[in-house]
Amino acid sequence: MVLGEGPKSVVKLIDTTAATGDWSVFVLRNNCRRIVFKDLVVDGNRTGLTEPDEQSHGVEVESGTEDLVIDRCIVRECFGDGVRLVGTDQADKVVRRVRIENCLFQTNKRSGLGIQRAIEQIIVANCHFDATVSDQSIDFEPTGSGGPTNLIIQGCVINHTNPTKAVTLSGVSGPDPLLDCKFTDNIVLGGPIFCSDVNQLTIQHNTVLVTDLGTVQRIPVQVQRGGDAVIISGNLLVNGDSVTEAVISLSEVNQRQVTRALVTQNLCFARSGNGIQCLSSDDVAVQGNMIVATDACGQGVFIRSESSDMDQISVRDNDVTVKGKGAWSTGILIASSASNHVRDVSVIGNSVRGATEGIRFENAHFERTPFCALNRIGADVASPLVGLPNLPEKAVLVGGASSRGGTAAHSGAGRLLAGLGDPNNSVLGDVGDMFQRLDGAPGTTLYIKEAGSNTNTDWTPK
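Residues numbered from 1 in each chain as written. Predicted model: local features only at pLDDT ≥ 70, side-chain atom pairs only at ≥ 80, totals over all residues. Heavy atoms only, no water.

## Focus: the overall build of the protein
Phase 1 of the analysis: Assigned secondary structure in the protein consists of 0 helices and 49 strands.
Phase 2 of the analysis: In terms of overall dimensions, the protein has a C-alpha envelope of 90 × 50 × 35 Å along the principal axes.
Phase 3 of the analysis: Burial status across the protein gives 53% buried among its 462 residues.
Phase 4 of the analysis: For the protein, the share of sequence-separated contacts (at least 6 apart) that also reach a separation of at least 24 residues comes to 74%.
Phase 5 of the analysis: On the protein, roughly 18000 Å² of surface is accessible, and the fraction owed to carbon and sulfur atoms is 49%.
Phase 6 of the analysis: Positive and negative charge centroids in the protein, built from 39 and 52 side chains respectively, lie 3 Å apart. (Helix = DSSP H or I, 4+ residues; strand = E, 2+ residues; numbered from the N terminus. Buried < 20%, exposed > 50% of the residue type's maximum accessible area, 1.4 Å probe, protein only. Contact = heavy atoms within 4.5 Å. Areas by Shrake-Rupley, 256 points an atom, 1.4 Å probe, with all protein chains shown as cover. Lys, Arg positive; Asp, Glu negative; His and termini not counted. Charge placed at Lys NZ, Arg CZ, Asp CG, Glu CD.)

## As for the pattern of salt bridges
Phase 1 of the analysis: Evaluated as defined, the whole model comprises 31 salt bridges.
Phase 2 of the analysis: Among the ionic pairs, glutamate 54 bridges to arginine 110, the shortest N-O distance being 3.4 Å. With glutamate 54 in the loop between β7 (50-52) and β8 (59-61) and arginine 110 in the loop between β13 (104-106) and β14 (113-116), this residue pair connects regions lying 56 residues apart in the sequence.
Phase 3 of the analysis: Assessed through its relative accessible area of 43%, glutamate 54 is described here as partly exposed.
Phase 4 of the analysis: Where glutamate 66 meets arginine 96, a salt bridge forms, and the shortest distance between an N and an O atom there is 2.9 Å. Residue glutamate 66 is found in strand β9 (residues 66-71), and its partner arginine 96 is found in strand β12 (residues 95-101); the two are separated by 30 residues along the sequence. There is no split in this pair, since glutamate 66 and arginine 96 are both buried.
Phase 5 of the analysis: Linked by salt bridges that have partners in common, Arg33, Glu66, Asp67, Arg96, Arg97 and Glu120 make up one network. (Salt bridge = Lys/Arg side-chain N within 4 Å of Asp/Glu carboxyl O.)

## Here we look at the pairing of strand β33 (residues 296-304)
Phase 1 of the analysis: Burial analysis of β33 places 7 of its 9 residues in the buried class, which makes it a mostly covered element.
Phase 2 of the analysis: Relative to strand β36 (residues 327-335), β33 runs parallel, the two being bridged by 7 bridges. The residue bridging arginine 304 from the neighbouring strand is alanine 335, located in β36. (Pairing = 2+ DSSP bridges.)

## Concerning the environment of isoleucine 35
Phase 1 of the analysis: Here isoleucine 35 shows up in strand β5 (residues 33-38).
Phase 2 of the analysis: For isoleucine 35, a relative accessible area of 23% puts it in the partly exposed group.
Phase 3 of the analysis: The spatial distance from the C-alpha of isoleucine 35 to the C-alpha of valine 431 is 73 Å, given a sequence separation of 396 residues.

## Side note on the pairing of strand β17 (residues 138-141)
Phase 1 of the analysis: With burial as the criterion, each face of β17 is covered, one bearing Ile138 and Phe140 and the other bearing Asp139 and Glu141.
Phase 2 of the analysis: For β14 and β17, the ladder comprises 4 bridges, and the chain directions are parallel. Paired with glycine 114 across the two strands is aspartate 139, which belongs to β17.
Phase 3 of the analysis: One ladder, built from 2 bridges, connects β17 with strand β20 (residues 167-170); its direction is parallel. Paired with aspartate 139 across the two strands is threonine 168, which belongs to β20.

## Details of the side chain of serine 111
Phase 1 of the analysis: On the secondary structure map, serine 111 appears in the loop between β13 and β14.
Phase 2 of the analysis: Within the local environment of serine 111, its side chain forms a polar contact with the backbone oxygen of glutamine 136, the two atoms lying 3.3 Å apart.
Phase 3 of the analysis: Beyond its immediate stretch of four places on either side in the chain, serine 111 contacts Gly80, Asp81, Gly82, Thr132, Asp135, Gln136, Ser137 and Asp139. (Polar contact = N/O pair within 3.5 Å; in protein donor to acceptor, adjacent residues only side chain to side chain.)

## What about the state of the cysteines?
Phase 1 of the analysis: By the definition in use, this model includes 0 disulfides.
Phase 2 of the analysis: Between cysteine 156, a cysteine without a disulfide, and cysteine 127, which holds the nearest cysteine sulfur, the sulfur-to-sulfur distance is 4.8 Å. (Disulfide = S-S within 2.5 Å.)

## Looking at the nonpolar core
Nonpolar side chains tend toward joint burial in soluble globular proteins.
Phase 1 of the analysis: Counting residues in each nonpolar core, the largest one holds 92 residues, and the members touching the most others are Ile100 and Leu169.
Phase 2 of the analysis: Considering every element that reaches this core, the biggest residue donor is strand β23 (residues 193-204), with 5 residues.
Phase 3 of the analysis: Each residue touching isoleucine 100, except ones within four places of it in the same chain, is listed here: Ile70, Val83, Phe105, Leu113, Ile123, Val124, Ala125 and Cys127. (Core = buried A, V, L, I, M, F, W, Y, C linked by side-chain atoms within 4.5 Å.)

## Some thoughts on unusual backbone geometry
Phase 1 of the analysis: Positive phi, normally seen in glycine, also occurs at glutamine 200, with a value near 60 degrees.
Phase 2 of the analysis: When you line up the elements, glutamine 200 lands in strand β23.
Phase 3 of the analysis: Notably, leucine 374 is not glycine yet its phi reads approximately 60 degrees, a positive angle.
Phase 4 of the analysis: For leucine 374, the position within the fold is in the loop between β40 (371-373) and β41 (376-377).
Phase 5 of the analysis: The exposure class assigned to leucine 374 is exposed, which follows from its relative accessible area of 74%.

## Quick notes on the packing of aromatic side chains
Phase 1 of the analysis: Counting across every chain of the model gives 5 aromatic pairs.
Phase 2 of the analysis: Aromatic side chains phenylalanine 435 and tyrosine 447 sit 6.3 Å apart centroid to centroid with 65 degrees between the ring planes, which places their arrangement in the edge-to-face category. On the criterion of sequence distance, the pair formed by phenylalanine 435 in strand β46 (residues 434-437) and tyrosine 447 in strand β47 (residues 446-449) is long-range, its members being 12 residues apart.
Phase 3 of the analysis: Classification of phenylalanine 435 by relative accessible area gives buried; the value is 0%.
Phase 4 of the analysis: The ring of phenylalanine 79 has lysine 109 lying over it, and the distance from NZ or CZ to the ring centre is 5.3 Å.
Phase 5 of the analysis: Positioned above the aromatic ring of phenylalanine 194 is the side chain of lysine 165, whose terminal nitrogen or guanidinium carbon lies 5.2 Å from the ring centre. (Phe/Tyr/Trp six-rings, centres within 6.5 Å; stacked < 30°, edge-to-face > 60°. Lys NZ or Arg CZ within 6 Å of the ring centre and 35° of its normal.)

## Details of the side chain of asparagine 45
Phase 1 of the analysis: You can see asparagine 45 is positioned in the loop between β6 (41-43) and β7.
Phase 2 of the analysis: Filtering out sequence-adjacent residues up to four positions away, asparagine 45 remains in contact with Lys12, Leu13, Ile14, Asp15 and Glu77.

## Focus on a nonpolar patch on the surface
Phase 1 of the analysis: On the surface, Val398, Leu416, Met434 and Leu446 cluster together into a nonpolar patch covering about 260 Å² of accessible area.
Phase 2 of the analysis: Along the chain, methionine 434 turns up in strand β46.
Phase 3 of the analysis: Under the relative-accessibility criterion, methionine 434 is labelled partly exposed at 33%. (Patch = residues over 30% accessible without salt bridge, like charges linked within 9 Å, V, L, I, M, F, W, Y side chains within 5 Å.)

## Brief notes about the environment of valine 59
Phase 1 of the analysis: Position of valine 59 among the secondary structure elements: in strand β8.
Phase 2 of the analysis: Relative accessible area serves as the criterion here: at 1%, valine 59 is assigned to the buried category.
Phase 3 of the analysis: Note: C-alpha distance between valine 59 and aspartate 43 (16 residues apart in sequence) is 10.0 Å.
Phase 4 of the analysis: Among all residues touching valine 59, those that are not within four sequence positions of it are Phe26, Leu28, Phe37, Ile70, Gly82, Val83 and Arg84.

Any link to function would need more than the numbers given here.
Structure, rendered in structure tokens:
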């Protein structure tokens, strides 16, 4: 145990006139066990050193360290990271069982907390990260091999004062993602949360405020690539930036999609760009969010197949609205790209106000007829539903017992469709399906499918 008596107990690197290189205040190496730092100030003296190396940390925790506690400490003025945890992909040298709590990380040049390679069973709780000089406040560095796993970062206040990401939650690409991580109940002021190569990640019940820098695009919560089993839930997210692309963004890079993601019950304020966007991802539910424009913005919810096809996307029960001078170009936009398609998608039970367009289907590379029903479009929306001619059958599914029904394939589906023109030779259906025309042209507006299974003929006008 290294035990101090609070702020008056300071361990500090001495001023130097010669080059210091990589001087850390404390280094734990060669399989350290059961170490406790408590009620202590760790001072890296970054301004008093001559030619320090960026690996000059407050507490350097190297591979093989186990059962480490850092409690009620102030870690400040380090040229490198305040605390740096560096694991390894060797099973007997993983950094494990570390608890960092009730600590103040202040004016360290690099990260307050840096994490790299294989570490496991880590808890960071009730800490304050204040004014990192040039790097992230909490930084997961995706280098080497072996990814971090089993981490909780909870109840921290992060005051981020430089243009970098405030928090990066990332694993190593390929077989070593960041695994089983919870980032919950934190307050992040000034910068965003950025994620890549993550598996079983929860970002929940945080407050994130991104301030305006004018030229640097910073998305409050971004999963840029390689996300599997991601929950973004119950957060208050404020984009105060005049150039930011979105408030929440899921996207694909280098053919690594975000898949099996749940974005739910978030309160998003957008000053620019989109509210929630999902690009080239699969099995994503955007559900129960309130998305508020505070200035002229793009799309409340933006879904688009960019670098790969998209499938199984659900946009349900979201409230797209405005505050003050806020306005949306489109409430909900579902778009395909020229080279990649959109398959199963549903847009159900949403509310849109303060937009030029309510719901838009854009471009023609849709493979299946989408579900689009029970959406409430405000009286101030000039164009409620746009883009039906771009869909496979120039129609949407608006109701029915199920998308497929009966006791055998293509029997008794009982679907309700709405679209443009005569459905004959255009819309596939089964006996019992109904079709309602929406184009307002003279003639029949209701058709019943009275014969044929999975055919586009035998629609009988009524």
